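Structural overview for review
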2 protein chains.
Amino acid sequence: MLPHHALQEPARAWFEALRTRICAAFEAIEDEDDSADAPPGRFQATSWRRPQESGARAGDDGGDDGGGGGEMRVMRGRVFEKVGVNVSTVWGEFSPDFAAQIPGAAEDRRFWASGISLVAHMRNPHVPAVHMNTRLIVTTEGWFAGGADITPAAPESAAAKADAALFHDRLRAACDTFDPDYYPRFKDWCDRYFYLPHRGERRGLGGIFYDHLRSGDAARDFAFTRAVGEAFLDIYPAIVRRRMRTRWTDTEREHLLIRRGRYVEFNLLHDRGTLFGLKTGGNIEAILMSLPPEVRWP
Amino acid sequence: MLPHHALQEPARAWFEALRTRICAAFEAIEDEDDSADAPPGRFQATSWRRPQESGARAGDDGGDDGGGGGEMRVMRGRVFEKVGVNVSTVWGEFSPDFAAQIPGAAEDRRFWASGISLVAHMRNPHVPAVHMNTRLIVTTEGWFAGGADITPAAPESAAAKADAALFHDRLRAACDTFDPDYYPRFKDWCDRYFYLPHRGERRGLGGIFYDHLRSGDAARDFAFTRAVGEAFLDIYPAIVRRRMRTRWTDTEREHLLIRRGRYVEFNLLHDRGTLFGLKTGGNIEAILMSLPPEVRWP
């Protein structure tokens, strides 16, 4: 048995526990914002099952339908304009075409995948949007993957740079406990990944991104993935609290809505996570939960 | 010499003349809307040259830079919330990868392409959005392509169906003059093309779509393409005038903004026209001009 098989259940349980703690932390922030007329936001949960009939969604065709499902939690609040926190655990068989692109799936196309993914779009243009996900994927190989990155509306501003420095420092601390090479490698990977070639622009101010992490010590890779989740939970609420009471102008809000257009362009034109979801029977609403609530292309 | 070579200059000139007539027709509609506080919209023109250094945009790499350019005209008005009417004429050499997908380009990768493309997003949810484009592409082969289709916010409503019937009838009349098979074939092609597989939804109420039209009589194919442009110019302003004074509610407007999200998803996930533009050194602003001015994913 692969060492990753023994981690499937602990990983699934940990992703779900992290989800619960993140949702509680975000609801606590909603409670603290007493400046707004609206009531504090609360997460609403929707469970979904991977549709058994949907061979098409398991990678075009030729794939075993498999099973599993997930839970979407969405909050539309007064600080968090729209935040989705999704967990899913799905298994089945890749289509031949798709399997050829996945490590360890060329011969045996069966897969199992579990993870948490989160995107938060904030009402206040001074609070950066954020994305985080971590996951375990098992084919005939097994690996962890994930990352977290921050997207301020005005990345050139001193405040945004200060927030990004805090965010990076906390992620670097998590990385350095495991391997001094992790942070520089994963930061660089993040910068290359979250890039819009058609615009020649970065999506935001980065963070870390890692894929196919299999150091040879699966338990340690799992511990690293947990450390990334803990770092996120530690630093992002702190950044939100630093900025959530800063006043904004209509011009700043309009600029935020335009910058969100770049977020949409990246996710629909380039994001491999979106593609993976669409190819493996993920839930459409959960996959597209990352899209911002309000966007402008003026 | 291919018969299409002799048509390059007349086609370019006709696309540009059609653009001028369409812009005049749309500005006349802006003048007629005396209900709004805002002044009537006017088109603003921006010329662009295909960047010579952009080997990357000519299909990744390995392609001749070529040349050409185009003109973007955009109006942000009181009836037309955002309408872009673009003409472009570009030439160069496809990258080897991209050339393999294009008729007549496998051996000789040079191409020439000229066309008009238009997308209108309307402020009033009762006025359907519309898309139209026609073009001539020349490799070692030559062909015309194009189409027009309509996207109401509430496609199930009787009014939207009535508008769509007018739109289809006028396009059918243009088609039937040339070939009784054209309308059923091109309508069906449109329905299959403007489809969101990840949603299991059509984008709108269709129209016609045709590609690689080379009947053997290039002059006749050009005449057909002109007839499609004339049909569009005849029927779409008439549909706008039918609906532009209908009052709308906030709920109807909100529904329009959500439906526009589907338009974005289609254009960025599926539209071959967008991909062709990004691969052949098209102007980014011109290509993404099709994206709606305001969108919601609630």
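For the structure itself, look to the data block above.
Residues numbered from 1 in each chain as written. Chains lettered and ligands numbered in written order. Predicted model: local features only at pLDDT ≥ 70, side-chain atom pairs only at ≥ 80, totals over all residues. Heavy atoms only, no water.

A short note on empty space enclosed by the protein
The final tally for this structure, using the stated rule, is four cavities of 30 Å³ or more. There is about 100 Å³ of room inside the largest cavity. If you trace the largest cavity, you find it lined by His-121, Met-122, Val-127, Ala-129, Thr-151, Pro-152, Ala-153, Arg-203, Leu-256, Arg-259, Arg-260 and Tyr-263 of chain B. Contributions of two or more residues to the lining of the largest cavity are made by strand S4 (110-122) and helix H6 (250-269) of chain B. Among the elements that take part in the lining of the largest cavity, H6 of chain B stands out by supplying four residues, more than any other. Class assignment for the residues of the lining of the largest cavity results in seven nonpolar, two polar and three charged. Estimated volume of the second largest cavity: approximately 70 Å³. Taken together, His-121, Ala-129, Thr-151, Pro-152, Ala-153, Arg-203, Leu-256, Arg-259, Arg-260 and Tyr-263 of chain A make up the lining of the second largest cavity. It is helix H6 (residues 250-269) of chain A that contributes the most residues to the lining of the second largest cavity, four residues altogether. (1 Å grid on protein atoms, 1.4 Å probe; cavity = no way out; pocket = protein on both sides within 12 Å on 5 of 7 lines; lining within 4 Å. Points joined across faces, edges and corners; volume = space filled by probe spheres on them. Helix = DSSP H or I, 4+ residues; strand = E, 2+ residues; numbered from the N terminus. Nonpolar A, V, L, I, M, F, W, Y, C, P; charged D, E, K, R; others polar.)

Focus on the state of the cysteines
Formally, a disulfide is one covalent bond, and it connects the sulfur atom of one cysteine to the sulfur atom of another. For the structure on display, the rule yields zero disulfides over all chains. Of all cysteine sulfurs, the one in Cys-190 of chain A lies closest to Cys-175 of chain A, which takes part in no disulfide; the gap is 11 Å. (Disulfide = S-S within 2.5 Å.)

Notes on the interface of chain B and chain A
Taken together, the contact pairs 21 residues of chain B with 21 residues of chain A. Approximately 1,900 Å² of surface area, both sides summed, lies buried where chain B meets chain A, with 61% of it carried by carbon and sulfur atoms. Ranking the residues of chain B by area buried against chain A places His-198, Leu-268 and Trp-297 of chain B at the top, with a combined share of 31%. Counting every contact that joins chain B to chain A gives four salt bridges. A salt bridge links Arg-296 of chain A to Glu-294 of chain B; the shortest N-O distance between them is 3.4 Å. Where chain B meets chain A, there are 11 residue pairs in polar contact (both at pLDDT 80 or more). Counting residues per element, the ones that place at least two in the side of chain B that touches chain A are H6, helix H8 (284-287) and strand S10 (294-296) of chain B. The biggest single contributor to the side of chain B that touches chain A is H6 of chain B, with four residues. In the side of chain B that touches chain A, the residues fall into 12 nonpolar, one polar and eight charged. Judged from the three bridges that link them, strand S10 (residues 294-296) of chain A and S10 of chain B form a sheet pairing that is antiparallel. Across the sheet, the residue bridging to Glu-294 of chain A is Arg-296 of chain B, located in S10 of chain B. (Contact = heavy atoms within 4.5 Å. Buried area = accessible area lost by both parts, 1.4 Å probe. Salt bridge = Lys/Arg side-chain N within 4 Å of Asp/Glu carboxyl O. Polar contact = N/O pair within 3.5 Å; in protein donor to acceptor, adjacent residues only side chain to side chain. Pairing = 2+ DSSP bridges.)

Some thoughts on the packing of aromatic side chains
One pair of aromatic rings is described through two measures. These are the centre distance and the angle between the planes. Per the counting criterion, the structure on display carries 42 aromatic pairs over all chains. Between Trp-14 of chain B and Phe-15 of chain B the ring centres are 6.3 Å apart and the planes differ by 70 degrees, which places this aromatic pair in the edge-to-face class. Overall, Phe-15 of chain B belongs to the buried group, its relative accessible area being 0%. Seen from their ring centres, Phe-186 of chain B and Phe-224 of chain B are 5.9 Å apart, and the 45 degrees between their planes marks the pair as tilted. Of this pair, Phe-186 of chain B sits in helix H4 (residues 182-193) while Phe-224 of chain B sits in helix H5 (residues 218-243), placing them 38 residues apart in sequence. The exposure class assigned to Phe-224 of chain B is buried, which follows from its relative accessible area of 1%. Site record: aromatic cluster; members linked through ring pairs are Phe-178, Tyr-182, Phe-186, Trp-189, Tyr-193, Phe-194, Phe-209, Tyr-210, Phe-224 and Phe-266 of chain A. The ring of Tyr-263 of chain B has Arg-203 of chain B sitting right over it, with the charged end atom 4.0 Å from the ring centre. Just above the ring of Phe-222 of chain B sits the side chain of Arg-226 of chain B; from NZ or CZ to the centre is 4.4 Å. (Phe/Tyr/Trp six-rings, centres within 6.5 Å; stacked < 30°, edge-to-face > 60°. Buried < 20%, exposed > 50% of the residue type's maximum accessible area, 1.4 Å probe, protein only. Lys NZ or Arg CZ within 6 Å of the ring centre and 35° of its normal.)

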